[in-house]
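Below are the chains, spelled out letter by letter.
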Amino acid sequence: MVKGKISRITGPLVIAENMTGVQMYEMVRVGEERLIGEVTRIKGDQAYIQVYESTTGLKPGEVVEGTGSPLSVELGPGLLGNIYDGVQRPLPFIADLLSKTSPKRSIFVEKGVEVSPLPRDKKWHFMPSEIKTGDKVSGGDLLGLVQETELILHKVMVPPNTFGEISWIAPEGDYTIVDPIAEIKVNGKVKELYLSHRWPVRFPRPYNLKLDPSEPLITGLRIIDTLFPMAKGGTGMIPGGFGTGKTVTMHGLAQWSSANVVLYIGCGERGNEMTEVLERFPTYKDPWTGKPLMERTVLIANTSNMPVAAREASIYVGITIAEFYRDMGYDVLLVADSTSRWAEALREIAGRLEEMPAEEGYPSYLASRLAEFYERAGRVKTIGSPDRVGSVTVVGAVSPPGGDFTEPVTTHTRRFTRVFWALDTALAYSRHYPAINWILSYSAYADTVSEWWAKNVDPKWKEYRDEIMDILLRENELQEIVRLVGTESLDEGDKLVLDVARMIREGFLKQNAFDPIDTFTSPKKQVELMKLIIDYYRKARELVQNGIPAAKTRESLGRLYVDIIKARFNIPNDKLEMIEDLRKHALDALEELKSKEVKGA
Amino acid sequence: MSSLYGIREYSKIVEIKGPLIVVEGVSKASYDEIVEVELSDGTKRRGRVLDVSKNVAVVQVFEGTTGITTTGTRVRFLGRPLELPVSEDMLGRIFNGLGEPIDNGPEIVAEEKYDINGSPINPAVRAYPEDFIQTGISAIDGMNTLVRGQKLPIFSGSGLPHNILAAQIARQATVKGEGEEFGVVFAAIGIKYDDYIFFKKFFEETGALNRVAMFVNLADEPAMIRLVTPRVALTLAEYLAYEKDLHILVILTDMTNYAEALREISSSREEVPGRQGYPGYMYSDLASIYERAGRVHGKKGSITQIPILTMPNDDITHPIPDLTGYITEGQIVLSRDLYNKGIYPPINVLMSLSRLMKEGIGPGKTRDDHAQVSDQLYASYSRGVDLRSLAAVVGEESLSETDRKYLKFADLFEKKFLTQGVRENRSIENTLDLAWDILSDLPEEELTNIKEEMIKKYHPKYKK
Ligand SMILES: Nc1ncnc2c1ncn2[C@@H]1O[C@H](COP(=O)(O)OP(=O)(O)OP(=O)(O)O)[C@@H](O)[C@H]1O
Ligand SMILES: Nc1ncnc2c1ncn2[C@@H]1O[C@H](COP(=O)(O)OP(=O)(O)O)[C@@H](O)[C@H]1O
Ligand SMILES: [Mg+2]
Ligand SMILES: [Mg+2]
């Protein structure tokens, strides 16, 4: 291995000399404390190293040692339910370890702690697949199964880029990740395979074929599923100023999405937000399976005060783990909160490397890095047999300075993502949550998923959805007029539009993440709510066209009006007949109004 | 003396720029190491290493470089990062911005010494803050609830009463069912002398001085020390909270001065700037201060942080409030408009936020109607405020009857709910009843954020 010496230290960047032979992106150990670092530039015999731990106290002359391999993650059973730092050190283990060695400091992440990502001593029950001695295998082929959590059956696969002939496969039984479970012969040499393997984080894991996304990723968030849907294998972004609801939306996605596995990356955000997930998820049930949410979740935490270089690495660590579960044939959702902090880490390191800055100090490769990251999303036919289809859906939060969407991270991310959930400070100030602006947002998957909705939920989904959107767009135009001249001058049809738009905003788009009923809306309930509002609208419009004032249509509802608006949090997903009752009563009220008015006329 | 171990002295200064000196011929200086600079006249200054190569060290001098010469100056590398000796006896004492006593009190006998930079708290050992702190201020307790272990800044403007508000919070803050009072760690960061005296007097008058530790760097003192002061204060706070089981309230004022010092050092180093000349790493740097708050499993104490900052030109999108808001768990925003209307506290509730409110309120903590009442106040007040600007254009007459009720509600809200005395300490029940009182002025069917059962239970119409 290469062994050199520190020649300069500036913040998270260390320059070492005598490093001839070190590889680009090789992981190295820096100084007496053996801090983890990664080579990001090589110049002559000098290596520029970004260090993943605090460099306080490092001195020129201390040793830097190569490890011979690039920064990699350990992939195998035991990932689910765990929380890691930005370079895959399990945080609970660090706390355990420190409570023995330096109890007073055990609440902190001290540097130089060496722990392996997956437990070495835990035994997993391995059930071999059909594979027999003599079979030719290659990357992705199924070797066997391990029940990793109640929720997830872990598929033990031949690692990518590995092939040979099976010379031994372990019988069913209990094994740790360091016990061999198979042997293959390659060119006469024997190679052992384990329940786990390592993969370099900056290299996408291979797949067979990229497929178009086709199914929606149901999230239970009405404005998302209905107006701006996400697809399994799709990409999306949530930009928004502080306090607009990025994190709550991300937590919602992580909680309720119809994904099999969720990667939650807290990238340069608050410590308490990770704690919230850690404390809450084990007690919450996955709405699709009824099992504790933590059993399908992996957390990566590099909070804002943790070393900045590890923040840069954290999203690669996350996406590599996501691809690993994709390769098993699962639908994986990765949320990263916030990619802006990742971009800032990139900027800080580029600044220390004295690279030529482009816009706002960001390096010129910001766009290509973002593109590479989002390209690792997708729905794929995986490598290996039996045939599997898996997906990685990626959603990134973006934190634009001053809430200004024209800044570099927002504008570049827009180019590489297909769903844009724009959070709006004005909506957040009036506590309209989720503060997703329905005029600015878009989804490229609205048509893609309509077939699924028609087949699985309601054939009229698209029709209702489009009508809701039309009413909101019309309201937006009318607001311009109202701001100038008030509502009185509008014609009755337009007044009705304003009335119904308010109903849509209050009774459908608004969704309280902290209300036990409102927080998750089943697809069926979403359709029922739309139907309730749209059928009321259509009937009322008919009356208005017959000369009945819009105000009267609303008055005819009496208390029903409040009931319609409160249906989102009053009526649970399993009592949908109550919405149908409400709809009937509303239509009856209009019918009564009609006969009264016609009689009166 | 063992503490002298590792001390090295050099005298070859090759460059002086801004607060920085470049020292050559240095062997084995370490990054972030503390140095002592002795001028030719024998005066001493402190500094720290910002950049170090085999032979050269860049040193930031806290007290500035005025008067330093390239010859005759001696630079001593002390072999350790800046540390604070900590002790429980520091409560009741006054220190300078570097943590040295300035009150002529007895010597502090240190129990431990800690690196002032601290270490990040392991997210896996944090305990989610959830204990309601009653501040007695309706706009905070009712709508932007503070909880123990939260970091909740006050975004102010020059001349607005942020000091009075912070003092009122410090005086009135209590946790229901606990007699225990907060210990206070107060950091004055580049503030004016009269602001400092305001707080000092206030602590004296309330008899709180013996549970307050003050770290003071005033406006006319060296700016570079401001980079150290909040860290020194938080190092003591961490010690008191996590080793001495105390509940600590930390007041940092004014973080705008801190950020300005950071910009100064960054431009002296000729770093590539981010927005408005502030360094690209300002977010991470501020986070290394603000994140030093919270509760952890297995420890009784906690740190609640109330940083105060003045928004340059009252602009909330300025990098200092902006980056702060991205890190803290909400913000209390003061408004010049309300202040000019004579309203105290002039809190713009719509722009304010407490992100940790939801876990701190509700049955058993405050009251079962709290969350819904708060949502309703927000929704109705913001509608009222919107309609105010509409009414200004089209005239009040052309608004519907309901809309006019909203206008009236917005006024009631500001006059009855928001407005209160500097010494008025409202219980949470009081605050919520007051809210129902003004909400009952709106037609009942407008209360769309409140569930039926709560209306039946608390609406004045049904209560009587
Ligand atoms: N109750 C439900 N409400 C809404 N969406 C659902 C519900 N159940 C399943 N889905 C959605 O339908 C998708 C297919 O469901 P599921 O995985 O149960 O079907 P499957 O029969 O296993 O289909 P496949 O094998 O093709 O994945 C889910 O991934 C999810 O998006
Ligand atoms: N869907 C929602 N329902 C209720 N409250 C919400 C919702 N979304 C956001 N909030 C409120 O807004 C606050 C800020 O949201 P958060 O997601 O932390 O913002 P960001 O990550 O954009 O800074 C939350 O603490 C919560 O009070
Ligand atoms: Mg957030
Ligand atoms: Mg399936």
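Sequence order as written defines the numbering, with residues in each chain counted from 1. Each chain takes a letter, starting from A, and each ligand takes a number, starting from 1, following the order in which they are written. Note on the predicted model: pLDDT of at least 70 is required for a residue's local features to be given, and 80 or more for side-chain atom pairs to be given and counted; whole-chain, interface and lining totals, by contrast, use all residues. Calculated side-chain values reflect all of the structure's heavy atoms, with hydrogen atoms and water omitted.

### Describing the side chain of B:Thr448
Line of reasoning, step 1. Under the scheme used here, helices are H or I runs from DSSP no shorter than 4 residues and strands are E runs no shorter than 2 residues, and both carry numbers assigned from the N terminus. Along the chain, the position of B:Thr448 falls in the loop between α12 (428–439) and α13 (452–458).
Line of reasoning, step 2. Of note is the side chain of B:Thr448, whose polar atom sits 3.1 Å from the side chain of A:Glu506.
Line of reasoning, step 3. Between two residues, a contact is recorded if the distance between any of their heavy atoms is within 4.5 Å. Not counting the four nearest positions on each side in its chain, B:Thr448 is found in contact with A:Glu506, A:Ile565, A:Lys566, A:Phe569 and B:Gln376. What qualifies as a polar contact is a pair of N or O atoms within 3.5 Å, subject to a donor-acceptor requirement within protein and to the restriction that residues adjacent in sequence count only when both atoms come from side chains.

### A closer look at the interface of chain B and chain A
Line of reasoning, step 1. With 86 residues of chain B at the interface, the matching set in chain A holds 89 residues.
Line of reasoning, step 2. Summed over both partners, buried area is the accessible surface (1.4 Å probe) that two parts give up on being assembled. Both faces combined, the contact of chain B with chain A buries some 6800 Å², and carbon together with sulfur accounts for 52% of it.
Line of reasoning, step 3. Should a side-chain nitrogen of Lys or Arg be within 4 Å of a carboxyl oxygen of Asp or Glu, the pair is scored as a salt bridge. Connecting chain B to chain A are eleven salt bridges.
Line of reasoning, step 4. Here B:Lys358 ties to A:Glu276 by a salt bridge, and the two come within 3.4 Å at their closest N and O atoms.
Line of reasoning, step 5. At the boundary of chain B with chain A, the tally comes to 41 residue pairs in polar contact (both at pLDDT 80 or more).
Line of reasoning, step 6. Mapped onto the side of chain B that touches chain A, the elements with two or more residues apiece are β5 (44–53), β10 (112–115), β11 (126–127), α4 (229–242), α6 (282–290), α7 (319–327), α10 (370–394) and α13 of chain B.
Line of reasoning, step 7. For the side of chain B that touches chain A, a count of residues per class yields 40 nonpolar, 20 polar and 26 charged.
Line of reasoning, step 8. By the bridge criterion, two bridges tie strand β1 (residues 3–10) of chain A to β5(B) in an arrangement that is antiparallel. In the strand pairing of β5(B), A:Arg8 is matched with B:Ser53. In this classification, Asp, Glu, Lys and Arg are treated as charged, Ala, Val, Leu, Ile, Met, Phe, Trp, Tyr, Cys and Pro as nonpolar, and every other residue, Gly included, as polar. At least two bridges found by DSSP between two strands is the condition for calling them paired.

### Here's the deal with the environment of B:Ser87
All names here are of chain B.
Line of reasoning, step 1. By secondary structure assignment, the location of Ser 87 is in the loop between β8 (83–86) and β9 (94–96).
Line of reasoning, step 2. Beyond its immediate stretch of four places on either side in the chain, Ser 87 contacts Ile 108, Val 109, Ala 110, Glu 111, Leu 236, Tyr 239 and Leu 240.
Line of reasoning, step 3. Within the structure, Ser 87 has its side chain in polar contact with the side chain of Glu 111 (distance 3.4 Å).

### Structural notes on the packing of helix α12 (residues 492–509) of chain A against helix α15 (residues 560–570) of chain A
All names here are of chain A.
Line of reasoning, step 1. Between α12 and α15, the shortest axis-to-axis distance is 7 Å and the interhelical angle comes to 40°. On the basis of the axis angle, α12 is oblique to α15. Across the interface between the two elements, Arg 502, Met 503, Glu 506 and Gly 507 from α12 touch Tyr 561, Ile 564, Ile 565 and Arg 568 from α15.
Line of reasoning, step 2. Per-class residue counts for the contact of α12 with α15 are four nonpolar, one polar and three charged. Lines fitted to C-alpha atoms define the axes here, with helix axes fitted over just the stretch in contact, and angles between the N-to-C directions of these axes take values from 0 to 180 degrees. By the definition adopted for this analysis, an angle is roughly parallel if under 35 degrees, roughly antiparallel if over 145, roughly perpendicular if from 65 to 115, and oblique otherwise.

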